[in-house]
Amino acid sequence: METSVGRPIELIAAPSNLGLRIPVRGREPGTWRAPAALLAAGMESALNAVEVVELPRPPYTVEAQPATRIRNGITLREHALALADAVCAALAASHFPVVLGGDCSILLGCLLGARRGGRCGLLHVDGHTDFFHPGNYDTATRLGSVAGMDLALATGRGELLLTHWPEVGSPLVADEDVIQIGDREAEVDGHGQLPPSIARLTVQEVLRIGIDRAVEQAAESFRQTGLTQSWLHIDLDVLDRRVMPAVDSPGSPGLDFDQLGALISGLVRTAGVVGLDVTIYDPQRDRRHAYPAAIVDCLAAGLAALAAGRA
Amino acid sequence: MITLLADAPSGPHAAELEQFGRLGGLWRTSIIVHPADGSPPRHARGEWEFGYALEGRAVIDVWQVPPRDELEGGQRQPNQEIGLCVRIWDPRLQLWRFTFHGTASGAVVHMFAREIGAEMVLEQADGGRLIRWIFSDIGPASFSWRSEVSADGGGTWRLEQELTASRQKGAAWPTTQ
């Protein structure tokens, strides 16, 4: 496995809400506000970041766009390509990119940027499988939201618009190169059901065996497939709703902040993580600004080995 | 109308434009339509003409069924199709944007397209269906095209139409060379 220790952290702000439906008529999802909230809470200094790159906020559209049944599908592709360029540039500079979302749709751009350097696995830490695709829901009755489809799209399931990419082609990542960690057994209803080809550790399993053992299993799984590097996707809805309710789809059971920090730390140490994204925190659901500091502390704990490398 | 057509691709995306631009010229087509109800296939003939347009930033084509030399009295009937396709490479999306306007059917079709392997694949999500138009076996004298539809998100595809095209000698539009 490659090690990222010693690589300076580069923050990339990706203020997107393109992958979410409108929560309340007349008001867009608020995840685009998260990067600013996290930077204001001291993320740059906490991670000892060497650089902060801020991407522009992409425009959200309520209406369906031509030739696609994915909400904001065209805008989302354009944003993913721009984000991929930023991630690729960070990796080329031997930095460790930490991408601040934004909703989970930013995973596509992150993974595309990482994949330009060759084969790269995906550690999909998420309270949901995010595996909706046109084969398991009725695309005629509603527009698809990429925040619930990102793993399906990343593994090549869905419209050409978001599954075929320059240089990499399709899929962004093979099923066998993915580990899903943290979804809730009780919420699997057959629509987001993962195929057996994708390895999975539910949050119940993680809580039962403990963080250290979960990290060992994930790292061992990657070693067996011959992977040497991976991208880490962290959807904050993997946290228990009691500690993180300010997300689009909070749930329980879930991790606490200490457990998530330990999981990040373990995976970065053992699973060849070259970069990560953190998604779905919605400041509009957090009127008292109660959570940015906890998120910053969690990432600082998880990335302490990298941040210390530049101290 | 002298500003519509162009002799060659232009600009920084000329290489991408040649993905469709290589089809420049006039083609004779033989079409097989496979009805969704399982009834016997129908056969038709037509013409298909491709060329560069808009100062070399687009590739357009004119689709005709039947071909002009099979029109009774030299006149196309209202229910006989002649349609226009416009393809523009969008560098921001790294995809082709495509529209078709059918004068007989009234159809207006929007699709995205990308070169996948040796094929040019156009796709549209329409309601609960995915529709693909695929150019394949592209050579200097012939190519194939097919239309497929999937009702299960791309798990399975049903062939709707297939077409073979043969280049008409001495009737080529200007191409890149």
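These notes cover the structure that comes with them.

The rules behind these values
- Residue numbers restart at each chain and count upward from 1, following the sequence in its written direction.
- Here the convention is simple: chains get letters from A, ligands get numbers from 1, in the order in which they are written.
- Per-residue local features are limited, in this predicted model, to residues with pLDDT of at least 70; the limit for side-chain atom pairs, both in listing and counting, is 80 or more; totals at the level of whole chains, interfaces and linings are taken over all residues.
- Secondary structure elements follow DSSP: runs of H or I no shorter than four residues count as helices, runs of E no shorter than two count as strands, and numbering proceeds from the N terminus.
- Each radius of gyration reported is based on C-alpha atoms, and the globular scaling rule is 2.2 Å times the count of residues to the power 0.38.
- Every C-beta atom is placed from the backbone, and the number of other C-beta atoms within 10 Å of a residue's own sets its class: buried at 20 or more, exposed at 12 or fewer, partly exposed in between.
- Working definition of a contact: two residues with C-beta atoms, positioned from the backbone, lying within 7 Å.
- Amino acid classes used here: Ala, Val, Leu, Ile, Met, Phe, Trp, Tyr, Cys and Pro are nonpolar; Asp, Glu, Lys and Arg are charged; the rest, including Gly, are polar.
- One less than the residue count of a helix, multiplied by 1.5 Å, gives the span that helix is expected to have.
- Here the axes come from fitting lines to C-alpha atoms, over the contacting stretch only for helices, and the angles between their N-to-C directions go from 0 to 180 degrees.
- Oblique is the label for every angle not falling under 35 degrees (roughly parallel), over 145 degrees (roughly antiparallel), or within 65 to 115 degrees (roughly perpendicular).
- Left-handed is the label given to a crossing in which the near helix is rotated counterclockwise from the far helix by less than a right angle, and right-handed is the label when the rotation is clockwise.
- Strand pairing follows a simple DSSP-based rule, namely that at least 2 bridges must link the two strands.

1. A word on the overall build of chain B
Item 1. A tally of regular secondary structure across chain B gives 1 helix and 10 strands.
Item 2. Over its C-alpha trace chain B gives a radius of gyration of 16 Å, about what one expects of a compact globule, namely 16 Å for 177 residues.
Item 3. Along the three orthogonal principal directions, the C-alpha set of chain B runs to about 45 × 45 × 30 Å.
Item 4. Taken across its 177 residues, chain B has 27% of its residues classed as buried.
Item 5. Taking the intrachain contacts of chain B between residues at least 6 apart in sequence as the baseline, contacts between residues at least 24 apart amount to 40%.

2. Considerations on the interface of chain B and chain A
Item 1. Contacts between chain B and chain A engage 19 residues on the former and 19 residues on the latter.
Item 2. Only β6 (108-116) and β7 (119-126) of chain B provide two or more residues apiece to the side of chain B that touches chain A.
Item 3. It is β6(B) that contributes the most residues to the side of chain B that touches chain A, 5 residues altogether.
Item 4. When the residues that make up the side of chain B that touches chain A are grouped by side-chain class, the tally is 7 nonpolar, 8 polar and 4 charged.

3. Description of the environment of A:Ala114
Residues and elements named next belong to chain A.
Item 1. Tracing the backbone through its elements, the reader meets Ala-114 in helix α4 (residues 106-115).
Item 2. Residue Ala-114 is classed as buried on the basis of its C-beta count, with 28 C-beta atoms lying within 10 Å.
Item 3. Put simply, Ala-114 and Ala-308 are 194 residues apart on the chain and 24 Å apart in space, counted from C-alpha to C-alpha.
Item 4. Excluding anything up to four places from it in sequence, Ala-114 contacts Val-87, Leu-91, Cys-120, Trp-231, Val-274 and Gly-275.

4. Looking at helix α8 (residues 257-270) of chain A
Residues and elements named next belong to chain A.
Item 1. The terminal C-alpha atoms of α8 lie 20 Å apart, and with 14 residues this matches the ideal 20 Å at 1.5 Å per residue to within 8%.
Item 2. In terms of burial, α8 is a largely internal element, 10 of the 14 residues being buried.
Item 3. Those residues of α8 that fall on the buried side of the exposure criterion are Phe-257, Gln-259, Leu-260, Gly-261, Ala-262, Leu-263, Ile-264, Gly-266, Leu-267 and Val-268.
Item 4. Contact partners of the buried residues in α8: β4 (121-125), α7 (211-225), β7 (230-235), β8 (273-279), α9 (292-302) and α10 (304-308).
Item 5. Note on α8: the residue one or two positions beyond its end, Gly-272, has a positive phi of about 65°.

5. Some words on the packing of helix α3 (residues 73-92) of chain A against α4(A)
Residues and elements named next belong to chain A.
Item 1. Interaxial distance between α3 and α4 falls to 7 Å at its minimum, and their mutual angle equals 40°. Between α3 and α4, the angle is such that the two are oblique. For the pair α3 and α4, the crossing hand works out as right-handed. Two secondary-structure elements touch here, α3 through His-79, Ala-80, Leu-81, Leu-83, Ala-84, Asp-85, Ala-86, Val-87, Cys-88 and Leu-91 and α4 through Ile-106, Leu-108, Gly-109, Cys-110, Leu-112, Gly-113 and Ala-114.
Item 2. Residues of the contact of α3 with α4, tallied by class, amount to 13 nonpolar, 3 polar and 1 charged.

6. What about the pairing of strand β5 (residues 178-181) of chain A?
All names here are of chain A.
Item 1. Residues of β5 alternate between two faces, with Val-178 and Gln-180 on one and Ile-179 and Ile-181 on the opposite face, all of them buried.
Item 2. Looking at chain direction, β4 and β5 are connected through 4 bridges and run parallel. The residue of β5 that forms the bridge with His-124 is Gln-180.
Item 3. Here β5 pairs with strand β6 (residues 199-201) via 3 bridges, running parallel. Residue pairing for β6: Ile-181 is matched across the bridge by Leu-201.

7. Comments concerning the sheet that holds strand β3 (residues 58-65) of chain B
All names here are of chain B.
Item 1. Around the barrel, 10 strands lie side by side as β1-β2-β3-β4-β5-β6-β7-β8-β9-β10; this closed barrel has antiparallel pairing. Each adjacent strand pair in this sheet contributes to an overall mean axis angle of 25°, direction not counted.
Item 2. Across 7 bridges, β7 lies against strand β8 (residues 129-136) in antiparallel orientation. Following the sheet pairing, Met-120 is matched in β8 by Phe-135.

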